[in-house]
Amino acid sequence: MRSKIMIGLAVLIFGALNYGIYEKQEIIEKGEVVLLELAPVDPRSLMQGDYMSLRYAIERSEAVNAQKADQKKRGYMVIKTDENNVAQFLRFHADEDLQAGERLLRFHKEYNRVTIVPDSFLFQEGHAKHYENAKYGVFKFDENDKRLLVGLANEDRKTIVVSDPEL
Amino acid sequence: MEQTSQPALAQIPANRRLVDELYAHGKISHEARAYALDFLYPADKWGIWISRLFLAVGTALVLSGIVYFFAFNWAKITPLMKLSSIQGALFCCLLGAYYYKLDRVSGQILLLSASVLTGVFMAVFGQIYQTGADAYQLFMMWSVFILGWTVISNFAPQWILWLAVTNIFLGLWWDQAALPERESEELIFVIFAAFNGLMLTLREVFVARGGAAWLDQRWVRILLTIVALLPLSGPLLVWVLESGGANNALKLSAAVGVIGHGLLYAFYRFKVRDMWSLAAIALSVCIILEAAVLDLLASTFDDVEILMFLLMGLATLGIFSLAVLYLRRIISVMEADHV
């Protein structure tokens, strides 16, 4: 009896795990590309093993600095992409309806500093040099503004692909 | 209840001292002594011990080998390959658990491995799909997924894993989702104390009702007691050591801490007599007293540090001597009652 319950639960768990994979793959395949400009950082101090801390230019923009004081610890900001798919900050979201082309982007606020998550990019150990000169974070957004960080892009807004892992 | 003057034979714990005493008084022969000692302390005990040690070390090495394999070949293995191989391992564990059945340790350990692999899957999932989701969500899902298995496992280590995962979830959730105001941050102590206290209570209730032999192990009780004592003593320590006045949340947590210590003491002193738990409670009280004395001395002698440390040393000797004396007195009272 207990074994049967165990198997029944296992079926549910496998279902949930694989639905999670399906959901994320849908975003990767069908989502729209949004680029977030990275703020200039000293790469050496931020590369640690197999990930790189990211700072986004939006976090430091003057409009954000002017309006951030009233925001809570978690919230959404409204962004819109320009002709190069690069996101621009419009305003903080206050439950109002969005205009066409506007998207929501989640942020955290701690000690009066706004950060956008994910604020790190993970890669295989030893690949740091490929990502040192990244200029943009490449996101995929689905229609409900669920987003995934899928890679980093260089100055020409081309996603950085590490072709040969040995190099 | 009628008290008999002679304790029943079955109530006297047998140990090496008892056997040696009987032999010294000529009550048993040399052969009887050797037989009794071999029965109490089997000669092949070390063999079992070393076999378990090798099992644990071997498992740890295999697991770390797998982790390093994935870390080193991260970019070469496609994301779906990573996720399906973990699911394959998960499936094998469950197949094994089904084959061996959950009544045997081998089946239970395989179910425990499956529970750990569920967490590994979610960690890898979170690394492949970088959503920036809060970490509490991972532990929440992990805790929910393995709860059902834990309930049917009848296996104490499985419960310990679930408790660890759920405690981490509670802590992260408080910080990342509940978003408490600064003046109510300390209520996390109450949440931890309530959750772990409830688990300890459930453990004692089920053991007292019988039919849960798998739960009736002393290390489970002492572990749960210590885990419950941490959030009970935490707010008291913070209150004593922090110079700024206490806010209402801290006062409430501290009150819960004092009541919790009292309840635990009453339970393990009078209801279920357990020296290990009493010793843990005594240690917790000692640490709080130490902190109080340190705070008092530091504020009184802040310009003569040598004197402060001398007095602190003496106070430490005093506090711990009192605790040990008190525990020894309880032991002798308990031995007189033959419990």
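Our structure is the block above this text.
Cut-offs used in this document
- Residues numbered from 1 in each chain as written.
- Chains lettered and ligands numbered in written order.
- Predicted model: local features only at pLDDT ≥ 70, side-chain atom pairs only at ≥ 80, totals over all residues.
- Heavy atoms only, no water.
- Contact = heavy atoms within 4.5 Å.
- Salt bridge = Lys/Arg side-chain N within 4 Å of Asp/Glu carboxyl O.
- Polar contact = N/O pair within 3.5 Å; in protein donor to acceptor, adjacent residues only side chain to side chain.
- Helix = DSSP H or I, 4+ residues; strand = E, 2+ residues; numbered from the N terminus.
- Nonpolar A, V, L, I, M, F, W, Y, C, P; charged D, E, K, R; others polar.
- Phe/Tyr/Trp six-rings, centres within 6.5 Å; stacked < 30°, edge-to-face > 60°.
- Lys NZ or Arg CZ within 6 Å of the ring centre and 35° of its normal.
- Core = buried A, V, L, I, M, F, W, Y, C linked by side-chain atoms within 4.5 Å.
- Buried < 20%, exposed > 50% of the residue type's maximum accessible area, 1.4 Å probe, protein only.

**Side note on the interface of chain B and chain A**
In this assembly, 39 residues from chain B lie in contact with 35 residues from chain A. Taken together, chain B and chain A are joined by 1 salt bridge. Here Arg2 of chain A and Asp103 of chain B are joined by a salt bridge, their closest N and O atoms 2.6 Å apart. Across the contact surface, chain B and chain A share 7 residue pairs in polar contact (both at pLDDT 80 or more). Counting residues per element, the side of chain B that touches chain A draws most heavily on helix H4 (residues 79-100) of chain B, at 8 residues. The class makeup of the residues in the side of chain B that touches chain A is 22 nonpolar, 11 polar and 6 charged.

**Quick word on the packing of aromatic side chains**
Tallied over the full model, the rule gives 17 aromatic pairs over all chains. Ring geometry for Phe121 of chain A against Tyr131 of chain A: centres 5.2 Å apart, planes inclined by 65°, an arrangement best described as edge-to-face. Residue Phe121 of chain A is found in strand S8 (residues 120-122), and its partner Tyr131 of chain A is found in helix H4 (residues 128-131); the two are separated by 10 residues along the sequence. Taking 6.3 Å as the distance between ring centres and 85° as the angle between the ring planes, the aromatic pair formed by Tyr265 of chain B and Phe270 of chain B counts as edge-to-face. Site record: aromatic cluster; members linked through ring pairs are Tyr56, Phe139 and Phe141 of chain A. Directly above the ring of Tyr23 of chain B sits Arg33 of chain B, whose terminal nitrogen or CZ lies 5.5 Å from the centroid. The ring centre of Trp276 of chain B lies 4.6 Å from the NZ or CZ of Arg218 of chain B, which sits over that ring.

**Some remarks on the nonpolar core**
Formed by 63 residues in total, the largest nonpolar core has its most connected members in Met6 of chain A together with Leu83, Leu94, Phe121, Trp149 and Leu278 of chain B. Sorting elements by how many residues they give to this core places helix H5 (residues 105-128) of chain B first, with 9 residues. The residues contacting Leu83 of chain B, other than those within four sequence positions of it, are Ile21 of chain A together with Phe121, Val124, Phe125, Ile128 and Tyr129 of chain B. In this structure, Leu38, Met52, Val64 and Ala128 of chain A belong to the second largest nonpolar core, which totals 28 residues.

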